Structures are given as C-alpha cells and as structure tokens.
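# Secondary and tertiary structure notes
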Amino acid sequence: MPLSIELLTSKKHDRSLFACGEQSLDEYIKLRASQELKKAVSTPFVLIEPPEKKVLGYYCLSSNSIDVSDLDEPIAKGLPRYPLLPSTLLGRLAVDVSCQGKGYGGYLLLDAMKRTLEATRTVASVAMVVDAIDNNATNFYLKYGFKAFPRIPMKLYISMESIEKLNL
C-alpha cells in the first residue's frame, strides 16, 4: 500500500512508539500534538502506511507572521511595507528512526508546502517559515530552496512564489 499523510486523529493513529532521535520531537507527537490540534494552536499531519496506524513521521503547520525587514531584499522589495506579513510556520517535522534515509522527510516537506500553497488561496501567506533544530536540519531545508533569515541563520523561509514554481 502507498504511504498516506493524514490529519492527526488521536484515536486512529498510534504515536506511542514514535522515536526520531530527538526527545523534544518525540514528546511533542506523543503528548502535546492532539491537544494543540484541539486548541487550534497547531495542525499536525502524520505519515502512515495503511492499513497500519503507526506514525512513521509527522509535521505541524500554524499561522505566523514575519517582519518584512528580515527578508532578503529581492523578495522584500515586491511586498507591502507593513511591519508584519502573514506566513505559515512549519513548526516541526520528524521521521521515525526506522524510516530515516528513505526520503520520507522530503515527502513530508513537499506535502506541507503543497498544503500551505493551497491554504494561501484562502488565507494569505507570503512564505513558509521554519526554525531548524540543528545544522543537519538547516542543510535539509536549504536543499529544498529555503533561505536563512540574514540575522537568524537557523530560521529559514521559502516564499510562496518559490513553492508555486515547484508545481507540486
């Protein structure tokens, strides 16, 4: 069966054995993700291989804002000079250790980009933003076209225009 990415349903998806190697990401999906979904703080999506219900990976999306002055000049110059602009935060992205090295992280990221682009047609967002957890994560996002904020190298973004060009 092919892989599937679905909105987290706490009674349907088994998160109990999820382990990606980063304790904060493991604890989030096991203990806080469903509560944040209920409270509309973050929207977690999980990767499964039906008919199995074990979570193989996940990511979370939420609304965000960015300071236009933090963006690269070529992108910023075409935007209104409001102090804050709407963006989408990719809050977390993780893959279980049993699945790492199989391209699942990229699969999750591209799905998140596609969902973000589709949502932007209803609720404006100029970019997807991510706070990388470490240098490996930073390098992962850079491979997909993200750029580091000039003053915050572990915080990265990709414009909706760049995502649209990917033809997801």
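Residues numbered from 1 in each chain as written. Predicted model: local features only at pLDDT ≥ 70, side-chain atom pairs only at ≥ 80, totals over all residues. Heavy atoms only, no water.

### What to know about the sheet that holds strand E6 (residues 147–149)
Stated precisely, the cut-off is as follows: Any two strands between which DSSP finds at least two bridges are classified as paired. Secondary structure follows DSSP: runs of H or I at least 4 residues long count as helices, runs of E at least 2 residues long count as strands, and numbering of each begins at the N terminus. Inter-axis angles, ranging from 0 to 180 degrees, are taken between N-to-C directions of lines fitted to C-alpha atoms, where helices are fitted over the stretch in contact. Every residue pair with non-hydrogen atoms within 4.5 Å of one another is taken to be in contact.
With mixed pairing, 7 strands are arranged side by side in an open sheet as E1-E2-E3-E4-E5-E7-E6. Looking at which strands have only one partner, the edges of the open sheet turn out to be strand E1 (4–7) and E6. Shown here is a sheet whose adjacent strand axes are inclined to one another by a mean of 35°, direction ignored. In terms of strand pairing, E1 meets strand E2 (residues 43–48) through 4 bridges, oriented antiparallel. Note on E2: the bridge partner recorded for Ile-5 is Leu-47. On top of the sheet, helix H3 (residues 104–120) reaches E1, E2, strand E3 (57–67), strand E4 (84–95), strand E5 (127–131) and strand E7 (152–159); it is set at about 155° to E4, its chief contact. Across the sheet, helix H4 (residues 135–143) is in contact with E4, E5, E6 and E7; its angle to E7 comes to roughly 25°.

### Some points on the pairing of E7
Direction of pairing for E5 relative to E7: antiparallel, over a ladder of 5 bridges. Across the sheet, residue Met-128 finds its bridge partner in E7, namely Ile-158. As paired strands, E6 and E7 are joined by 3 bridges and run antiparallel to one another. The residue of E7 that forms the bridge with Lys-147 is Tyr-157.

### Focus on the nonpolar core
In globular proteins that are soluble, nonpolar side chains generally tend to be buried together. As a reminder, the rule being used: Nonpolar cores are built from buried Ala, Val, Leu, Ile, Met, Phe, Trp, Tyr and Cys residues. Side-chain atoms within 4.5 Å join them into one set. Buried residues are those whose accessible area, probed at 1.4 Å on protein chains only, stays under 20% of the maximum for their type, while exposed residues exceed 50% and partly exposed ones sit between those limits.
Counting residues in each nonpolar core, the largest one holds 27 residues, and the members touching the most others are Tyr-59, Leu-90, Leu-109, Met-128, Tyr-141 and Phe-146. Elements supplying a minimum of two residues to this core: E2, E3, E4, H3, E5, H4, E7 and helix H5 (160–165). Top contributing element to this core by residue count: H3, with 6 residues. Filtering out sequence-adjacent residues up to four positions away, Leu-90 remains in contact with Tyr-59, Cys-60, Leu-61, Leu-109, Ala-112, Met-128, Val-129, Val-130 and Tyr-141. Phe-18, Val-55, Tyr-58 and Ala-94 belong to the second-largest nonpolar core, a separate cluster that totals 13 residues.

### Quick word on the packing of aromatic side chains
Put simply, the rule is: In summary, the pairing rule links any two rings of Phe, Tyr or Trp, Trp by its six-membered ring, whose centres are within 6.5 Å, and it sorts them by plane angle into stacked for under 30 degrees, edge-to-face for over 60 and tilted for everything else. In our convention, an over-ring charge means Lys NZ or Arg CZ found within 6 Å of a ring centre and within 35 degrees of that ring's normal.
With the rule as written, the count across this model stands at 7 aromatic pairs. With 5.1 Å between their ring centres and 75° between their planes, Phe-140 and Tyr-141 make a pair best called edge-to-face. Exposure class is identical for Phe-140 and Tyr-141. Each is buried. Centre to centre, the rings of Phe-140 and Tyr-144 are 5.1 Å apart; their planes meet at 55°, and the pair counts as tilted. With relative accessibility at 18%, the residue Phe-140 sits in the buried group. Overall, Tyr-144 belongs to the partly exposed group, its relative accessible area being 27%. Positioned over the ring face of Tyr-28 is Arg-92, at 3.8 Å from the centre of the ring. Taking the ring centre of Phe-149 as reference, the NZ or CZ of Lys-155 above it sits at 5.8 Å.

### Let's talk about the environment of Ser-63
Counting through the fold element by element, Ser-63 comes out in strand E3. Accessibility expressed as a relative area gives 68% for Ser-63, which makes it exposed. Along the primary structure Ser-63 and Arg-15 are separated by 48 residues, whereas in three dimensions their C-alpha atoms are 24 Å apart.

### Describing helix H1 (residues 23–38)
Selection rule: To estimate how far a helix should extend, the number of its residues minus one is multiplied by 1.5 Å. What the bend at a residue measures is the angle between two axes, fitted to the seven residues ending there and to the seven starting there.
The end-to-end C-alpha separation of H1 is 23 Å, in line with the 22 Å expected for 16 residues at 1.5 Å each. When the local axis directions of H1 are compared, the greatest deviation, roughly 60°, occurs at Arg-32. Of the residues making up H1, those classed as buried are Leu-25, Asp-26, Tyr-28, Ile-29, Ala-33, Ser-34 and Glu-36. Next to the buried residues of H1 lie E2, E3 and E4. Two residues or fewer past H1, Ala-40 is found with a positive phi of approximately 60°.

Everything listed here is a matter of geometry and, on its own, says nothing about what the molecule does.
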